[in-house]
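# Architecture at a glance
Residues per chain, in single letters:
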Amino acid sequence: GKGGHRHYMLKEIYEQPQVIGDTLNAMFNPVERTITLPPLPFALDDVERVTLIACGTSSYAAMVARYWIESIARVPVDLDVGSEFRYRDPPLQAGGLALFISQSGETADTLAALRHCKAKGLRCLSIVNVAESTMARESDAVLTTLAGPEIGVASTKAFTTQLVVLACLTIALARAKGQLDADGEARLSKGLTEVPARAAEILKYDEDLRAIAQTVAEARDVLYLGRGTAFPIALEGALKLKEISYIHAEGYAAGEMKHGPIALIDETVPVIVIAPSDGLFDKTASNVQEVVARGGKVIFLSDSEGNRRLGVTPAFSVVLPAVDPFVAPILYAIPVQLLAYHVAVIKGTDVDQPRNLAKSVTVE
Ligand code: F6R
């Protein structure tokens, strides 16, 4: 059942502190404060390049992972959506690592890419939520998200648990590549262990986000902005909103605004900014100032330091708890899910079964 919630989607959003914790506990040793992946049939220290392939929301988890793997493990990453990968026919090196991310483990485009990579001699590692899925069966190795069954068509808890597994994989890879000492690993894993409690805190912003949803529900178009690992969260926010509320939404890298999309800004366009205070914050803040100067209705998601440093007054601000920048994309996914959910409820759509969509896309 829906556990007392009106929709499966809301139940699944609320399950996140628990399932994030379950997923992390399967890979984190609290005594040693280290990450231990299940045994893999290949050595991570040999990995020279990672090819990430996924579709939809799972591809945004892959995008976050690209930032993490390149900046922390210093391993180059290629990234594609499943439907583009094979037809692009990229040169692939036998022995390279291909990483597939899928809640269902059945998505046709991702599965076809996996079969292609296997035929080319790559090592295929899948991150799936359905342990007995086709992708899990056909991969050389599998890491599972312990999100439990996801019923709502719009992915929520599968996404945040994918990020947890990808964060752990990044740490293990960085260690194997000699890029992370014990202190560095302890710092990153401390950030991760705090995620379940922070996620629970962030759920308490539900009412605030519901109030803001009223304004978003009146819009025809909505923009989402973010930089660094907040950029894929902007893309995910826009996808979540369009698929369940049917409002047109676009996610942009905040720095791209001035290259075109800023022309869309007027007082009817809500601009949702995902801006945890991190090393890129001041750049994002100056992009927000440009939007506010043009009359844009900014909905600002940050922490208290970010709100203090913004320098302009947004139409709405949500002052979230301060979090380690490493794990911020995991946590900022939650307000973005809640906002989309409440907008859809206001619009009266079928939240759990949006029109034209299927939970598992088994055709190309
Ligand atoms: C969006 C959504 C889809 C899926 C995509 C991939 O909320 O659910 O975009 O993320 O169809 O599905 P999986 O992860 O099962 O391969």
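Structure first, text after, so check above.
One structure accompanies this document, and this report is about it.

Calculation rules
Along each chain, residues carry numbers from 1 onward, in the same order as the chain's sequence is written. With the structure being a predicted model, the display of local features is reserved for residues of pLDDT at least 70 and the display and counting of side-chain atom pairs for 80 or more, all residues being used for whole-chain, interface and lining totals. Only hydrogens and water are set aside; all other atoms, that is, all heavy atoms of the structure, feed into the side-chain values. Being near a molecule or strand, for a residue, means having at least one of its heavy atoms within 4 Å of it. We define a polar contact as two N or O atoms separated by no more than 3.5 Å, with the added condition that, inside protein, one atom must be a possible hydrogen donor and the other a possible acceptor, whereas residues neighbouring each other in sequence contribute only through side-chain atom pairs. Using a 1.4 Å probe, the Shrake-Rupley method yields the accessible areas, and only the shown protein chains count as cover for residues. In this text, helices come from DSSP runs of H or I with a minimum length of four residues, and strands from runs of E with a minimum of two, each type numbered from the N-terminal end. Any Lys or Arg side-chain nitrogen found within 4 Å of a carboxyl oxygen on Asp or Glu counts as a salt bridge. Burial status follows relative accessibility: with a 1.4 Å probe on protein chains alone, a residue under 20% of its type maximum counts as buried, one over 50% as exposed, and anything between as partly exposed. At least two bridges found by DSSP between two strands are what make those strands a pair. Every axis corresponds to a line fitted to the C-alpha atoms, with the helix fit spanning only the stretch in contact, and the corresponding angles, defined between N-to-C directions, vary from 0 to 180 degrees. Whether two residues are in contact is decided by their heavy atoms, any of which lying within 4.5 Å being enough. By convention, a crossover is right-handed whenever its connection, traced from the first strand over the helix to the second and viewed with the strands pointing away, goes clockwise.

## Brief notes about the site of the ligand
In the vicinity of the ligand there are 14 residues, among which S58, S102, S104, T107 and E243 approach most closely. A distance of 2.6 Å is found between an oxygen atom of the ligand and a side-chain nitrogen or oxygen belonging to S58. Taking E243, its side chain carries an N or O atom lying 2.5 Å from an oxygen atom of the ligand. In isolation the ligand offers 410 Å² of accessible surface; the protein chains occlude 89% of this area. Looking at the shell around the ligand, the elements that each hand over two or more residues are α3 (56-73) and α11 (230-245).

## Side note on the pattern of salt bridges
Evaluation of the coordinates by the stated rule reveals 16 salt bridges. Across the salt bridge formed by R115 and E138, the nearest N and O atoms sit 2.8 Å from each other. With a gap of 23 residues between them, R115 in helix α5 (residues 108-119) and E138 in helix α6 (residues 134-138) connect regions that are remote in the sequence. R115 sits in the partly exposed class, given a relative accessible area of 42%. For D282, the salt bridge goes to R309, with nearest N and O atoms at 3.0 Å. With D282 in helix α12 (residues 281-293) and R309 in helix α13 (residues 304-309), this residue pair connects regions lying 27 residues apart in the sequence.

## Overview of the sheet that holds strand β9 (residues 248-253)
Strand order in the open sheet formed by 5 strands is β9-β8-β10-β11-β12, and the pairing between neighbours is parallel. For this open sheet the edge positions go to β9 and β12 (316-320), each flanked by a neighbour on one side alone. In this sheet, adjacent strand axes meet at a mean angle of 15° when their direction is disregarded. The pairing of strand β8 (residues 221-226) with β9 spans 6 bridges and is classified as parallel. The residue bridging V222 from the neighbouring strand is A249, located in β9. In the packing of α12 onto the sheet, contacts are made with β8, β10 (270-274) and β11 (297-303), and the angle to β11 comes to roughly 160°.

## Digging into the pairing of β10
Of all the 5 residues making up β10, 5 are buried; the element is thus mostly covered by neighbouring parts of the structure. Burial of the side chains of β10 extends over both faces: P270, I272 and I274 are buried on one face and V271 and V273 on the other. Direction of pairing for β8 relative to β10: parallel, over a ladder of 4 bridges. Within β10, the position partnered with L225 by the bridge is V273. The β-α-β motif built from β10, the intervening α12 and the parallel element β11 has right-handed crossover chirality.

Honestly, that's just the spatial picture; any functional story needs more than this.
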